[in-house]
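# Fold and contact review
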Amino acid sequence: MTLVALDKQTLVTLGQIARKAGDAIMTVYGEGQVAVTQKSDDSPVTAADLASHRVIVDELTHAFPATPVLSEEEVIDWETRRHWQEYFLIDPLDGTKEFIKRNGEFTVNIALIRDGIAVAGVVYAPVLDSCYLGAKGVGAWLEREGDTEPLTGAATKRISPIVVGSRSHQSAEMAGYLAELGDHELLSVGSSLKFCMLAEGRADLYPRLGPTSEWDTAAAQAVLESAGGKVVVFGDKRPLDYNSKADILNPWFMATAPGWDSN
């Protein structure tokens, strides 16, 4: 199997694909009221999710024909994907609930997984015109409004951490963790933007004590880790990994900004 090159050009290509998918999403977004249907797991799906899915799969298949694709909107059975050494893992529209609420906090996520590790990723927020890119051994950066800046976290470590949490998914366990944490500031943010805020230095901790799927986290994990941050299983030191079991649910995890020690 020919592996995808881990270099800046690959990230540029993935960023271009994410932007095309974002354009497809914004076409639906601009229509105003969006029809919503429920999938078998009771999660919402819209025409924007499906339009973005089609764009990404078509573009990835053209640019990287030897590399399989696993999408939230087209799940591949375990017996097939368990043998994959490398594949693209995508969430065509992460934060569908935020899309429906029209608050702009939704993203396009494209990750490259190799041997169970998220080695490269792109997170594009079309409303914010912000594209986060990162690959192991290459680095991470943010493209926004024509400017490019490296992602390295905050310049200095805060005494009281800024914690980001889900805008649409709260849990009693999260409330308990925050009570034990002590002095902090809590920001509620949708989609994979929470990881990106850590990479930017706008937040410090992202504890997720609730359910997520692998396509929710992979791209942004790659960006954050390429910027120097960490994503580990909560209460453990094991990195969050991928495609190691039949189901696609993540364990609870802790994401930390560059310069912070994980719990």
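Since we're looking at a predicted model, the values are computed, not measured.

Moving on to the sheet that holds strand 8 (residues 139-144). Taken together, seven strands build an open sheet; the order of strands is 3-4-5-6-7-8-9 and the sheet is mixed. Both outer strands of the open sheet, strand 3 (69-71) and strand 9 (147-150), are each paired with one neighbouring strand and no more. Neighbour-to-neighbour, the strand axes of the sheet open up by a mean angle of 15°, direction not taken into account. Of the strand pairs in this sheet, strand 4 (residues 86-94) and strand 5 (residues 107-114) are connected by seven bridges, and their pairing is antiparallel. Across the sheet, the residue bridging to E86 is R114, located in strand 5. On the sheet, helix 2 (residues 47-63) packs against strand 3, strand 4 and strand 5 and is oriented at approximately 155° with respect to strand 4. Contacts from helix 7 (residues 214-226) reach strand 3, strand 4, strand 5, strand 6 (117-125), strand 7 (130-135) and strand 8, with the element oriented near 100° to strand 6.

The subject of this paragraph is helix 7. Taking 1.5 Å of rise per residue, the 13 residues of helix 7 would be expected to cover 18 Å, and the 18 Å separating its terminal C-alpha atoms lies within 8% of that figure. Approximately 30° is the largest bend angle found in helix 7, and it occurs at A220. Counting buried residues in helix 7 gives 12 out of 13 residues, a clear majority hidden from the surface. Downstream of helix 7 by one or two residues, G228 has phi in the positive range, about 110°.

If you look at the biggest cluster of nonpolar residues, it comprises 47 residues, and the most contacted ones within it are L89, I113, Y132, L151, F195, L198 and Y242. Looking at this core, the element that brings in the most residues is helix 7, giving seven residues. Excluding anything up to four places from it in sequence, Y242 contacts Y87, L89, I113, G116, A118, E214, T217, A218, Q221 and N250. Counting 32 residues, the second-largest nonpolar core is a separate cluster that includes I17, F106, L112 and C131.

The positions that UniProt labels "binding site: Mg(2+) 1" (unreviewed entry) are, in the present scheme, E72, D91 and L93. With the annotated positions falling across 22 residues, the maximum pairwise C-alpha distance of 9.0 Å places them together in a single cluster. One can find E72 in the loop between strand 3 and helix 3 (78-81). Excluding anything up to four places from it in sequence, E72 contacts K39, I90, D91, P92 and W215. As for its position among the elements, D91 is in strand 4.

Another aspect to go through is the packing of aromatic side chains. Under the counting rule described, the total for this entry stands at nine aromatic pairs. With a centroid separation of 5.2 Å and 45° between ring planes, the pair formed by W84 and Y87 is classed as tilted. The buried category is assigned to Y87, whose relative accessible area is 1%. Ring centres 5.0 Å apart and planes at 85° place the aromatic pair F195 and Y206 in the edge-to-face group. Of this pair, F195 sits in helix 6 (residues 193-200) while Y206 sits in strand 12 (residues 205-208), and the two are 11 residues apart along the sequence. In terms of burial, F195 and Y206 fall into one category: buried.

This next bit is on the environment of V28. For V28, the position within the fold is in helix 1 (residues 8-29). Separated by 50 residues in sequence, V28 and W78 place their C-alpha atoms 32 Å apart.

Residues given the UniProt feature "binding site: Mg(2+) 2" (unreviewed entry) here are D91, D94 and D216. A compact arrangement is adopted by the annotated residues: their sequence extent is 126 residues, whereas the largest C-alpha distance between any two is 6.6 Å. With relative accessibility at 1%, the residue D91 sits in the buried group. Excluding residues within four positions of it along the chain, D94 makes contact with F106, T107, N109, S191, S192 and D216.

Scanning the model with the defined rule gives 12 salt bridges in all. Here D204 makes a salt bridge to R158, at a shortest N to O gap of 2.6 Å. Residue D204 is found in the loop between helix 6 and strand 12, and its partner R158 is found in the loop between strand 9 and strand 10 (162-166); the two are separated by 46 residues along the sequence.

Basis of the calculations
- Per-chain numbering applies: the sequence of each chain, read as written, is numbered from 1 onward.
- Residue-level local features of this predicted model are given only where pLDDT is at least 70; pairs of side-chain atoms are given and counted only at 80 or more, and the full residue set underlies all totals for whole chains, interfaces and linings.
- Hydrogen atoms and water are omitted, and side-chain values are computed over all heavy atoms in the structure.
- Here, any two strands with at least 2 DSSP bridges between them count as paired.
- For the purposes of this entry, the term helix denotes a DSSP run of H or I that reaches at least four residues, the term strand denotes a run of E that reaches at least two, and both are numbered from the N terminus.
- Where helices are involved, their axes are fitted lines through C-alpha atoms of the stretch in contact, as for all axes, and angles between N-to-C directions lie from 0 to 180°.
- Contacts are assigned to residue pairs that have any heavy atoms within 4.5 Å of one another.
- By this rule the span expected of a helix is its residue count minus one, scaled by 1.5 Å.
- To get the bend at a residue, fit one axis to the 7 residues ending there and another to the 7 starting there, then take the angle between the axes.
- The buried label goes to any residue with under 20% of its type's maximum accessible area, the exposed label to any with over 50%, and the partly exposed label to all in between, with areas taken from a 1.4 Å probe on protein chains only.
- For the purposes of this section, nonpolar cores are sets of buried Ala, Val, Leu, Ile, Met, Phe, Trp, Tyr and Cys residues that join through side-chain atoms within 4.5 Å.
- UniProt positions are given in the numbering used here, feature names are shortened, and annotations may be inferred rather than shown by experiment.
- Think of it this way: a Phe, Tyr or Trp ring, Trp meaning its six-membered ring, pairs with another when their centres are within 6.5 Å, and the plane angle makes it stacked under 30 degrees, edge-to-face over 60, tilted otherwise.
- Each salt bridge in this description consists of a side-chain nitrogen of Lys or Arg and a carboxyl oxygen of Asp or Glu lying within 4 Å of one another.

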